[in-house]
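Chains, contacts and geometry: an overview
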Amino acid sequence: MRTYLIPIIVVLFFYSCKKDAIPAKITEVIKPIEIFEYGFKLNDFEVINDTIKTGESFGVIMDRHHVLYPKINKIASSIKDTFDVRRVRSGKPYTILASKDSLTKAQVFIYKHNKIDATIINFKDSTINAYTYKKPIQTVEKKIMGVVNSNFSVTMDSLGLKHNLTNEVADIYAWTLDFFKLQKGDTFKLIYEEKFINDTTFAGYGKIKAAVFNHKGKDLYAYRYVADSIKKIPEYFDDEAGLLRRQFLKSPIKFQYRISSRYNLRRRIKLYGNRVRAHKGTDFAAKRGTPIMSTANGTVVESARRGGNGNYVKVKHNSTYTTQYLHMKRRNVKKGDFVQQGDIIGWVGMTGNTSGPHVCYRFWKNGRQVDPFKQKLPSAKPMDEAIKPDYFEYIKPLKDKLDTISLEENNQENLIEEEHLIANN
Ligand SMILES: [Zn+2]
């Protein structure tokens, strides 16, 4: 028997708001929609969507969908190099494409690793094959503006933006802005990408192309740009081509110093009976009274005299890094002070446990002391002069775009969404 595709004639009437307007009549022929997914025309199959239950195996699922055991074994063995069917995990979604006849026999098994990646096992014909499949992703550029009322992440939440974007923005500005010091009324604008599967399913954020924070009336721009043609690592630069990430100074002492002891977890000290006693700092020996500098911008979180540390200062640079400076003769800052890279925070001395004048420099990453010389710290290599004209050319349209983003635009977007919701109901 042949099936006929019957054209559906849909007649739509549109009435305009004006009372005296004549109703318009539109006639349109709509063909049955062909739905493609995972490279298959779904119209040709019975589509079964399900989730792997606890204790369920590939064999059990196949058996339930009318595949005989000899065939199941044949599938499992012939695809084992691509996909081990014993690896199916409970909770993972899958789709079975079955024959459209009364047998509804499984012909394709689509195992979904995540929203994007799947393994497809096709056993429709005599040749069985398995392969991985990636759903095509659409990238959409978005613009948004926010006003900080209490704090940045609350504002981002209220705009419907997720935490990973919030964290990424905070990371870009980690060396420029103190997010705890943002003031009510500070604004920000972002140009960023969102990724979608099938135009509708959100699949995460792409690049943050440009941003600007207006903090205390000052515009702080950030543009993503690849300035290093060899490493090709994108970095964020300001409107004057300055790198937003700052590097730590190599040493808290400017010129005359000697590293007398490095970070060493296995250092043996005679004083302690030749026992292994970790030295988690780096000692910079210098003349008493030599100025000690903060190695990066930050807030003084401790400034005190205590035990073996003697006079010391601890500076928090951002949520990741903190540095500490021990055995000072005298301190030059107090708790709560904001210090900039290179600011003098004290002078070399011999307070606390020390056998000679030096500063013990301690470097903390996420609350743990690490060797500053072994860290992959952001490189602060200034942009090559030769690249700058290209850079300024590149950021010009982005700056224009940033400058025209307004709160009204955000509202317009919201309104469109509301209408969409009503239409769906
Ligand atoms: Zn030390």
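These figures come from a predicted structure and were not determined experimentally. (Residues numbered from 1 in each chain as written. Predicted model: local features only at pLDDT ≥ 70, side-chain atom pairs only at ≥ 80, totals over all residues. Heavy atoms only, no water.)

**Thoughts on the overall build of the protein**
- Summing up its helical and strand segments, the protein has six helices and 26 strands in all.
- Counting over 425 residues, the protein shows a buried share of 38%.
- Across the protein, the fraction of contacts at a sequence separation of at least 24, relative to all contacts at a separation of at least 6, is 59%.
- For the protein, the accessible area works out to roughly 26,200 Å², and carbon and sulfur atoms hold 52% of it. (Helix = DSSP H or I, 4+ residues; strand = E, 2+ residues; numbered from the N terminus. Buried < 20%, exposed > 50% of the residue type's maximum accessible area, 1.4 Å probe, protein only. Contact = heavy atoms within 4.5 Å. Areas by Shrake-Rupley, 256 points an atom, 1.4 Å probe, with all protein chains shown as cover.)

**Re helix H5 (residues 388-404)**
- For H5, with 17 residues, the first-to-last C-alpha span of 24 Å sits near the 24 Å given by 1.5 Å per residue.
- In the structure, H5 departs most strongly from a straight axis at Lys396, where the bend amounts to approximately 30 degrees and where the proline Pro397 lies between one and four residues downstream.
- Three or more residues of H5 are buried, namely Lys388, Tyr391, Ile395, Leu398 and Leu402.
- Where the residues of H5 are buried, they touch strand E11 (187-197), strand E12 (201-215), strand E13 (218-225) and strand E14 (235-237). (Expected span 1.5 Å × (residues − 1). Bend = angle between axes of the 7 residues up to and from the residue.)

**A word on the environment of Lys184**
- Along the chain, Lys184 turns up in the loop between helix H4 (163-172) and E11.
- Along the sequence, Lys184 and Lys216 sit 32 residues apart, while their C-alpha atoms lie 9.5 Å from each other.

**Quick notes on the sheet that holds E14**
- Strand order in the open sheet formed by five strands is E10-E11-E12-E13-E14, and the pairing between neighbours is antiparallel. Two strands in the sheet have a free side with no partner beyond their single neighbour: strand E10 (137-147) and E14. Strand after strand, the sheet turns through a mean of 25 degrees between neighbouring axes, direction not considered.
- Pairing geometry for E12 and E13, over six bridges, is antiparallel. (Pairing = 2+ DSSP bridges. Axes fitted to C-alpha atoms, helices over the stretch in contact; angles between N-to-C directions.)

**Brief notes about the nonpolar core**
- Counting 23 residues, the largest nonpolar core has Tyr173, Leu190 and Phe213 as its most contacted members.
- Put simply, the parts of the chain that give this core at least two residues each are helix H3 (152-158), H4, E11, E12 and E13.
- The element that contributes the greatest number of residues to this core is E12, accounting for four residues.
- Once you skip the residues sitting within four places of it in the chain, Leu190 turns out to touch Lys142, Lys143, Ile144, Met156, Leu165, Val169, Ala210, Ala211, Leu402 and Ile405.
- Counting residues in each nonpolar core, the second largest holds 22 residues, with Phe284, Tyr321, Val348 and Phe363 among its members. (Core = buried A, V, L, I, M, F, W, Y, C linked by side-chain atoms within 4.5 Å.)

**Structural notes on the packing of aromatic side chains**
- A full pass over the atoms with the stated rule returns 26 aromatic pairs.
- Measuring from centroid to centroid gives 5.4 Å for Tyr325 and Tyr361, while their planes differ by 35 degrees, and the two rings are tilted. Here the residue Tyr325 occupies a position in strand E22 (residues 321-331), and Tyr361 occupies one in strand E25 (residues 358-365), the gap between them amounting to 36 residues. In terms of burial, Tyr325 and Tyr361 fall into one category: buried.
- Measuring from centroid to centroid gives 6.3 Å for Tyr361 and Phe363, while their planes differ by 70 degrees, and the two rings are edge-to-face.
- You can call Tyr361 buried: its relative accessible area is 2%.
- Every member of this aromatic cluster is reached through a ring pair, and the members are Tyr221, Tyr223, Tyr225, Phe237, Tyr391, Phe392 and Tyr394.
- A cation over an aromatic ring shows up here: Arg262 above the ring of Phe373, its NZ or CZ 4.9 Å from the ring centre.
- Here the basic side chain of Lys314 rests over the ring of Trp364, its NZ or CZ set 4.1 Å away from the ring centre. (Phe/Tyr/Trp six-rings, centres within 6.5 Å; stacked < 30°, edge-to-face > 60°. Lys NZ or Arg CZ within 6 Å of the ring centre and 35° of its normal.)

**Brief notes about the side chain of Glu193**
- With respect to the helices, strands and loops of the structure, Glu193 is situated in strand E11.
- When neighbours within four sequence positions are excluded, Glu193 is seen to be in contact with Thr139, Val140, Glu141, Tyr205, Gly206, Lys207 and Lys209.

**Things to note about the sheet that holds strand E7 (residues 106-112)**
- The antiparallel open sheet is built from five strands, whose spatial order is E5-E6-E7-E8-E9. Both outer strands of the open sheet, strand E5 (46-51) and strand E9 (129-134), are each paired with one neighbouring strand and no more. Each strand axis lies, on average, 20 degrees off the axis of its neighbour in the sheet, ignoring direction.

**Re the pattern of salt bridges**
- Applying the stated criterion to the full structure yields 14 salt bridges.
- Here Lys134 and Asp117 are joined by a salt bridge, their closest N and O atoms 2.7 Å apart. Placement of the pair is Lys134 in strand E9 and Asp117 in strand E8 (residues 117-122), with a sequence separation of 17 residues.
- Lys134 sits in the exposed class, given a relative accessible area of 58%.
- Looking at Asp117, the relative accessible area reads 23%, which means it is partly exposed.
- Where Glu141 meets Lys401, a salt bridge forms, and the shortest distance between an N and an O atom there is 2.7 Å. One end of the pair, Glu141, is in strand E10; the other, Lys401, is in helix H5, with 260 residues separating them in the sequence.
- On the basis of relative accessibility, which here comes to 33%, the residue Glu141 falls in the partly exposed class.
- Here Lys401 falls in the partly exposed class, since its relative accessible area comes to 30%.
- What you see here is one network of salt bridges that share partners, running through Glu141, Glu193, Lys209 and Lys401. (Salt bridge = Lys/Arg side-chain N within 4 Å of Asp/Glu carboxyl O.)

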